[in-house]
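For reference, the chains in residue letters:
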Amino acid sequence: MTRDTDAQALDRLIEQEDVLQICYWYQGEGFGESFTPLAVLPFLKSGEGDVAKTFERLAEGGDLRRDGGAYVFTATGRRKAGRMFFETFTEFQQASHGECNAGCCDGDEPCDDPTHDHHNHAHG
């Protein structure tokens, strides 16, 4: 493989992962259970034709399947997308120092209510 071919293959892999994560987010936000290249296009740098090819590759790989004019997750694809989404965005969802991870406390003061067993304050 040449350096350009390697770079193109890497770009395709990255776009496939991005599409899976966008679809996972899309579904999680309640926007629907099926996806089209046009629906995820605003979140990607590629053109519509390239995104359509990405959807086809994901279907060929077993992560998505065609459902009429759209695509839906396979069970394997949904698990894979969820795992990638979690790994990518977990650190962005952590509370900062002194903030309540449970989101039940306001202000800059740390939550020190011992009855809140679900609190796990970040330190550092």
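Since we're looking at a predicted model, the values are computed, not measured.

1. Topic: helix α3 (residues 48-60)
Every α-helix carries 3.6 residues per turn, so stepping three or four residues along brings you back to the same face.
Part 1 of the reasoning: The end-to-end C-alpha distance of α3 is 18 Å, a good match for the 18 Å that 13 residues give at a rise of 1.5 Å each.
Part 2 of the reasoning: Along α3, the positions that sit buried rather than exposed are Val51, Thr54, Phe55 and Leu58. Buried residues of α3, viewed axially, fall in a sector of 100 degrees; they line one side. In α3, those exposed residues whose orientation departs by more than 90 degrees from the buried face are Lys53 and Glu60.
Part 3 of the reasoning: Backbone geometry just downstream of α3 places glycine 62 in the positive-phi region, at approximately 90 degrees.

2. Thoughts on the packing of aromatic side chains
Part 1 of the reasoning: Within this structure, the stated rule accounts for seven aromatic pairs.
Part 2 of the reasoning: On the numbers, 5.1 Å between centres and 70 degrees between planes, the contact of phenylalanine 35 with phenylalanine 73 is edge-to-face. Placement of the pair is phenylalanine 35 in the loop between α1 (3-28) and α2 (37-40) and phenylalanine 73 in strand β2 (residues 70-73), with a sequence separation of 38 residues. Here phenylalanine 35 and phenylalanine 73 have matching classes, each one buried.

3. Concerning the pairing of strand β1 (residues 64-67)
Part 1 of the reasoning: As judged from the four bridges shared by β1 and β2, these two strands associate in the antiparallel manner. Within β2, the residue paired with arginine 65 across the bridge is valine 72.
Part 2 of the reasoning: In this antiparallel pair of consecutive strands, β1 and β2, the connection spans two residues, and glycine 68 shows a positive phi of 70 degrees.

4. A closer look at the pattern of salt bridges
Part 1 of the reasoning: Scanning the model with the defined rule gives two salt bridges in all.
Part 2 of the reasoning: Taking the shortest distance from any N to any O, the salt bridge between arginine 66 and glutamate 56 comes out at 2.8 Å. With arginine 66 in strand β1 and glutamate 56 in helix α3, this residue pair connects regions lying ten residues apart in the sequence.
Part 3 of the reasoning: Between lysine 80 and aspartate 63 there is a salt bridge; the shortest N-O distance is 3.1 Å.

5. Here we look at the confidence of the model for the protein
Part 1 of the reasoning: With 69% of its residues at a pLDDT of 70 or more, the protein has an overall mean of 81.
Part 2 of the reasoning: Across residues 117-124, where pLDDT falls below 50, the model places 20 contacts with residues more than four positions away in sequence or in other chains.

6. Some remarks on helix α4 (residues 75-89)
Part 1 of the reasoning: Spanning 15 residues, α4 covers 21 Å between terminal C-alpha atoms, matching the ideal 21 Å at 1.5 Å per step.
Part 2 of the reasoning: Among all positions of α4, only Gly77, Ala81, Gly82, Met84 and Phe85 are buried.

Here is what the cut-offs are and how they apply
Residues numbered from 1 in each chain as written. Predicted model: local features only at pLDDT ≥ 70, side-chain atom pairs only at ≥ 80, totals over all residues. Heavy atoms only, no water. Helix = DSSP H or I, 4+ residues; strand = E, 2+ residues; numbered from the N terminus. Expected span 1.5 Å × (residues − 1). Buried < 20%, exposed > 50% of the residue type's maximum accessible area, 1.4 Å probe, protein only. Arc of directions from axis to C-beta. Phe/Tyr/Trp six-rings, centres within 6.5 Å; stacked < 30°, edge-to-face > 60°. Pairing = 2+ DSSP bridges. Salt bridge = Lys/Arg side-chain N within 4 Å of Asp/Glu carboxyl O. pLDDT = per-residue confidence, 0-100. Contact = heavy atoms within 4.5 Å.

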